[in-house]
Amino acid sequence: MSLQTSRVAPIIGRATAVAFMLVAIASAANGADIPLDQRRSGYLDLGRDSKAMQDDDTINPATLWVQDGEALWNQKAGAANRACADCHQDATVSMKGVAARYPAFSAARNGPVNLEQRINLCRSEHQQAQPFAYESRELLALTAYVGRQSRGMAIAPPDDDRLAPFVEAGRKLFNRRIGQIDMSCAQCHDDNWGKKLAGSLIPQAQPTGYPIYRLEWQSLGSLQRRLRNCMTGLRAEAYEYGAPENVNLELFLMWRARGLLLETPAVRP
Amino acid sequence: MARPLINVPAKVKRGQVFEIKTLISHIMETGFRFTTTGDKIPRDIVTTFSCSYNGEEIFRADLYPAISANPFFDFFTVATESGTLDFKWTGDNGFAESATAKIVVE
Amino acid sequence: MGKTKPGATRRAVMLGGLAGGLAATIRLEPAHATPERMRAAIRTVVGEASIRKGRVDLEVPPLVENGNTVSLAVSVDSPMTATDYVKAIHVFNEKNPQPNVISVHLGPRAGRAKFSTRFRLADSQIVTAIAEMSDGSFWSASADVIVTLAACVEGI
């Protein structure tokens, strides 16, 4: 392994070499990852009308939340009476690329945090305001607004060694059989993507557009909500919102989707 | 919380037929759903949507529970003169929402 | 002895009773749209007038990913002048709990008799759009829609 890394490193770069190494280790232990060039966003499997809904901001219901997020961004909050804009100024500039590299390592938490948790950390630490509840309208609106600023950009997990053990923990969760149905995420989304499950197409589960307007929810929702739906679908007890397992899974999924373009906020069935 | 999302062209020519798109945030609870303990969730829908162009109604829709959450409408009208488009939504539990958009006709 | 056969009378009474019993059963069942209820809902709007097929274009995806949000576009072939225009477009369904979907009221100021919205379909079924013209005539179009549901849903 180390011989391979040192041979590869001068040509491609350390981050990619680490990535290749992780893939090599993982493939040996767990069975087939989707080859990088075969990965695809769930957008490509949408019907014509759902694609049109996503492509046009004027008819995408998620825009309602993005609008709300913009208003919240500029609204003073908390005991510090500070708005996001007071520190971060124009989100279209300062937030560009942020969602594409989350979850990221938080020194305060000594572990990864997703975008929702990062926003809440800002609220409590810098605005002295109450954190927003998971899946609350406010938190979804802010996440959608921040995420929107990375639309069109490649998912770029941070080159941060401190994240490696958490990515690995996420990978283990992805490959672990759970629930009364006793199946793992990988069995559907790595091994059987493109086939049908009860009439619905099995996607690769690339989180390219979160938070999404899911037709099933008739509302905007986070990646964690979607993961919990899957766990419930397998008749397993879903991890609570904000649980480290969910964050590690998110982290692994974003690493698995590295290089795919972000579509936030997307539409999905 | 969310403002209605209205989309009209910025400028139109007199006599031109132009497109109007509207989208609002509303749960459109059908009244046919039940909680896990078997209680009926009461109906809560938008029942009427109307659009007036300089005071004259040009479009009206009577909605039923079959209309999806976050009701969306896309419709057309003829550009007569510059002015204001008024949008109104009314529904169960005293729901009332309104919005306006300016239209410039040359 | 009377002309009526006792067996026939008994049969008539039994059939009448059975019909009454059946009617009672139908009344007690939870209300659901059926093809009959859709036809009744259409009659409420159209009255005794005849409904002709044509002039209406009903656009629904033939295969729907999720019945919660189905795109619907209805357009009617009409010059939309002051004397010849579409007064209203009514949309009905067969298998939702209620047969009505939407009623749209138009006039000559619409310029184009076309609207789009999103609606819910509880199951694979037929959707019908009826256009009411200024001359009192009614025109219709129908579409057969297959509805698939999301595989991993939320509630237990």
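Scoring rules and cut-offs
- Residues numbered from 1 in each chain as written.
- Chains lettered and ligands numbered in written order.
- Predicted model: local features only at pLDDT ≥ 70, side-chain atom pairs only at ≥ 80, totals over all residues.
- Heavy atoms only, no water.
- Axes fitted to C-alpha atoms, helices over the stretch in contact; angles between N-to-C directions.
- Helix = DSSP H or I, 4+ residues; strand = E, 2+ residues; numbered from the N terminus.
- Parallel < 35°, antiparallel > 145°, perpendicular 65-115°, else oblique.
- Contact = heavy atoms within 4.5 Å.
- Phe/Tyr/Trp six-rings, centres within 6.5 Å; stacked < 30°, edge-to-face > 60°.
- Buried < 20%, exposed > 50% of the residue type's maximum accessible area, 1.4 Å probe, protein only.
- Pairing = 2+ DSSP bridges.
- Buried area = accessible area lost by both parts, 1.4 Å probe.
- Salt bridge = Lys/Arg side-chain N within 4 Å of Asp/Glu carboxyl O.
- Polar contact = N/O pair within 3.5 Å; in protein donor to acceptor, adjacent residues only side chain to side chain.
- pLDDT = per-residue confidence, 0-100.
- Core = buried A, V, L, I, M, F, W, Y, C linked by side-chain atoms within 4.5 Å.
- Domains from an automatic or database assignment.

Honestly, the packing of helix α9 (residues 164-174) of chain A against helix α12 (residues 244-256) of chain A in this entry has me stumped. Any pointers?
Residue and element names in this part refer to chain A. One way to put it is that α9 packs onto α12 with a least axis distance of 7 Å and a crossing angle of 95°. Taken together, the axis directions place α9 and α12 in an arrangement best described as roughly perpendicular. Contacts from Phe166, Val167, Ala169, Gly170, Arg171, Leu173 and Phe174 of α9 reach α12 at Glu245, Asn248, Leu249, Leu251, Phe252, Leu253, Trp255 and Arg256.

When you look at the packing of aromatic side chains in this model, what are you seeing that I'm missing?
The geometry of an aromatic ring pair is captured by the separation of the ring centres together with the interplanar angle, meaning the angle of the planes. Residues and elements named next belong to chain B. Summed over the entire model, instances satisfying the criterion amount to 15 aromatic pairs over all chains. Consider the rings of Phe59 and Phe73, whose centres lie 6.4 Å apart with planes at 55°: the pair is tilted. Of the two residues, Phe59 sits in strand β5 (residues 56-63) while Phe73 sits in strand β6 (residues 72-78), which places them 14 residues apart along the sequence. Accessibility expressed as a relative area gives 0% for Phe73, which makes it buried. Seen from their ring centres, Phe59 and Phe75 are 4.1 Å apart, and the 15° between their planes marks the pair as stacked. Note that Phe59 is positioned in strand β5 and Phe75 in strand β6, a separation of 16 residues in sequence. By the ring-pair criterion, three or more aromatic residues cluster together here, those being Phe49, Phe59, Phe73, Phe75, Phe87 and Trp89.

What is the right way to look at the sheet that holds strand β7 (residues 267-268) of chain A in this model?
Strands pair in a sheet through their backbones, by hydrogen bonds, and they do so in one of two ways: parallel or antiparallel. Residue and element names in this part refer to chain A. Strand order in the open sheet formed by three strands is β6-β5-β7, with mixed pairing between adjacent strands. Here the strands that pair on one side only, and so sit at the sheet edges, are β6 (219-221) and β7. The pairing of strand β5 (residues 212-214) with β7 spans two bridges and is parallel. Across the sheet, residue Arg214 finds its bridge partner in β7, namely Arg268.

Even after reading the chapter, I still don't get the pairing of strand β3 (residues 17-23) of chain B, so can you show me in this structure?
Moving residue by residue along a regular strand, the side chains alternate between the two faces of the sheet. Residue and element names in this part refer to chain B. For β3, the buried fraction is high: five of the seven residues fall into the buried class. Here strand β1 (residues 5-7) runs beside β3; their pairing, made up of three bridges, is antiparallel. Within the sheet, the bridge partner assigned to Ile6 lies in β3 and is Thr22. Pairing of β3 with β6 involves seven bridges; the strand directions are antiparallel. Looking across to β6, one finds that Lys21 is bridged to Asp74.

Looking at this model, I keep getting lost on the interface of chain B and chain C. Mind explaining?
In this complex, chain B contributes 28 residues to the contact, which on the side of chain C involves 25 residues. When the area that chain B buries against chain C is broken down by residue, the three leading residues are B:Tyr64, B:Ala66 and B:Phe76, summing to 24%. The interface formed by chain B and chain C includes one salt bridge. Residue B:Glu56 is joined to C:Arg109 by a salt bridge in which the shortest nitrogen-to-oxygen separation is 3.1 Å. If you look at where chain B meets chain C, you find 19 residue pairs in polar contact (both at pLDDT 80 or more).

When you look at the confidence of the model for chain A in this model, what are you seeing that I'm missing?
Note that predicted coordinates carrying low pLDDT should not be read in detail. All names here are of chain A. For chain A, per-residue confidence averages 90 on the pLDDT scale, and residues scoring 70 or more make up 88% of the total. Scored below 50 in pLDDT, residues 1-12 shows seven contacts in the model against residues more than four places distant or in partner chains. Low pLDDT, under 50, characterises residues 19-30; the stretch is placed with 16 contacts to residues that sit more than four places away or in other chains.

Even after reading the chapter, I still don't get the environment of A:Gly42, so can you show me in this structure?
The topology assignment puts A:Gly42 in the loop between α2 (14-30) and α3 (48-55). Looking at A:Gly42, the relative accessible area reads 17%, which means it is buried.

What should I look at first to understand the nonpolar core in this one?
A general trend in soluble globular proteins is that nonpolar side chains are found buried together. The biggest cluster of nonpolar side chains holds 57 residues, and the ones touching the most others in it are B:Phe59, B:Phe75, B:Leu85 and B:Phe87. At five residues, strand β9 (residues 138-147) of chain C tops the list of elements feeding residues into this core. Among the nonpolar cores identified, the runner-up in size contains 42 residues, and A:Ala62, A:Ala99, B:Ala2 and B:Phe72 belong to it.

What is the right way to read the domain arrangement of chain A from this model?
Interface size, as often reported, equals the accessible area lost upon joining of the parts. Residue and element names in this part refer to chain A. What the domain assignment reports for chain A is domain 1 (14-55 + 156-268) and domain 2 (63-148). Each of domain 1 and domain 2 has a C-alpha centre, and the two are 23 Å apart. Taken together, both faces of the contact between domain 1 and domain 2 bury some 1900 Å²; the carbon and sulfur share is 70%. Linking domain 1 with domain 2 are zero salt bridges.

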